[in-house]
Amino acid sequence: DTAVSQTPKYLVTQMGNDKSIKCEQNLGHDTMYWYKQDSKKFLKIMFSYNNKELIINETVPNRFSPKSPDKAHLNLHINSLELGDSAVYFCASSQGVLRTGGTEAFFGQGTRLTVV
Amino acid sequence: SQELEQSPQSLIVQEGKNLTINCTSSKTLYGLYWYKQKYGEGLIFLMMLQKGGEEKSHEKITAKLDEKKQQSSLHITASQPSHAGIYLCGAPRYGSARQLTFGSGTQLTVLP
């Protein structure tokens, strides 16, 4: 069983479109994340979300929005896609607070988004 | 904001050689995570270090945490082609204990 699964694995779309990437975790974790990995392989946190708080990295454009229908899902919705949004997007999950003994973050396989 | 610097950015070694990757934080470290990423795949968790001076090993990979230096090192002994990939260090983001911030990664190539 895949612990953290994302769909689709590849997504090619035109500028200006709206798209969503789905993420599901079956680990019972209380926190989920979205990361963006650019062409230089730099991995940057976009959001973290649990049932108490949504933390948004200040550099994320408001065209990006996380949507969580339940504890096991955190989908990423992107409006008005731009060329610069092309990247690999990773979903992850963890349990507890990282600083005080929480689990490590488990990552999905990534979604390669190409905006043309 | 906290930044993690990794060195070297890329490393090419001959199979069988030892190597070390360093990760230095601009702020106090409250734990350090090491991940490996193969091309086109997600991140695989390697090790988590939470206390100063802590050292962990898994197979031929050893990681240490030096809190005073705000630094961690990852050492691979007798490298193999299967060790090739991108190694990323991550730390709880300063001011947000639920988020991991990552270094820029070290691309490791092991020549057979």
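What counts, and where the lines are drawn
Residues numbered from 1 in each chain as written. Chains lettered and ligands numbered in written order. Predicted model: local features only at pLDDT ≥ 70, side-chain atom pairs only at ≥ 80, totals over all residues. Heavy atoms only, no water. Pairing = 2+ DSSP bridges. Helix = DSSP H or I, 4+ residues; strand = E, 2+ residues; numbered from the N terminus. Axes fitted to C-alpha atoms, helices over the stretch in contact; angles between N-to-C directions. Contact = heavy atoms within 4.5 Å. Salt bridge = Lys/Arg side-chain N within 4 Å of Asp/Glu carboxyl O. Polar contact = N/O pair within 3.5 Å; in protein donor to acceptor, adjacent residues only side chain to side chain.

Once that is clear, we can look at the sheet that holds strand 8 (residues 75-78) of chain A. All names here are of chain A. If you walk across this open sheet you meet the four strands as 1-3-8-7, and the pairing is antiparallel. Edge strands, defined here as strands with exactly one partner in the open sheet, are strand 1 (4-7) and strand 7 (64-67). On average, each strand axis in the sheet is inclined to that of its neighbour by 20 degrees, with strand direction left out of account. Looking at chain direction, strand 7 and strand 8 are connected through four bridges and run antiparallel. From the neighbouring strand, Ser65 faces strand 8, where its bridge partner is His77.

On the chain B side, the residues contacting the 31 residues of chain A number 26 residues. Seen at the junction of chain A and chain B, the total is zero salt bridges. Summed over the shared surface of chain A and chain B, the number is three residue pairs in polar contact (both at pLDDT 80 or more). Secondary-structure elements contributing two or more residues to the side of chain A that touches chain B are strand 4 (31-37) and strand 5 (43-50) of chain A. It is strand 5 of chain A that provides the largest number of residues to the side of chain A that touches chain B, a total of five residues.

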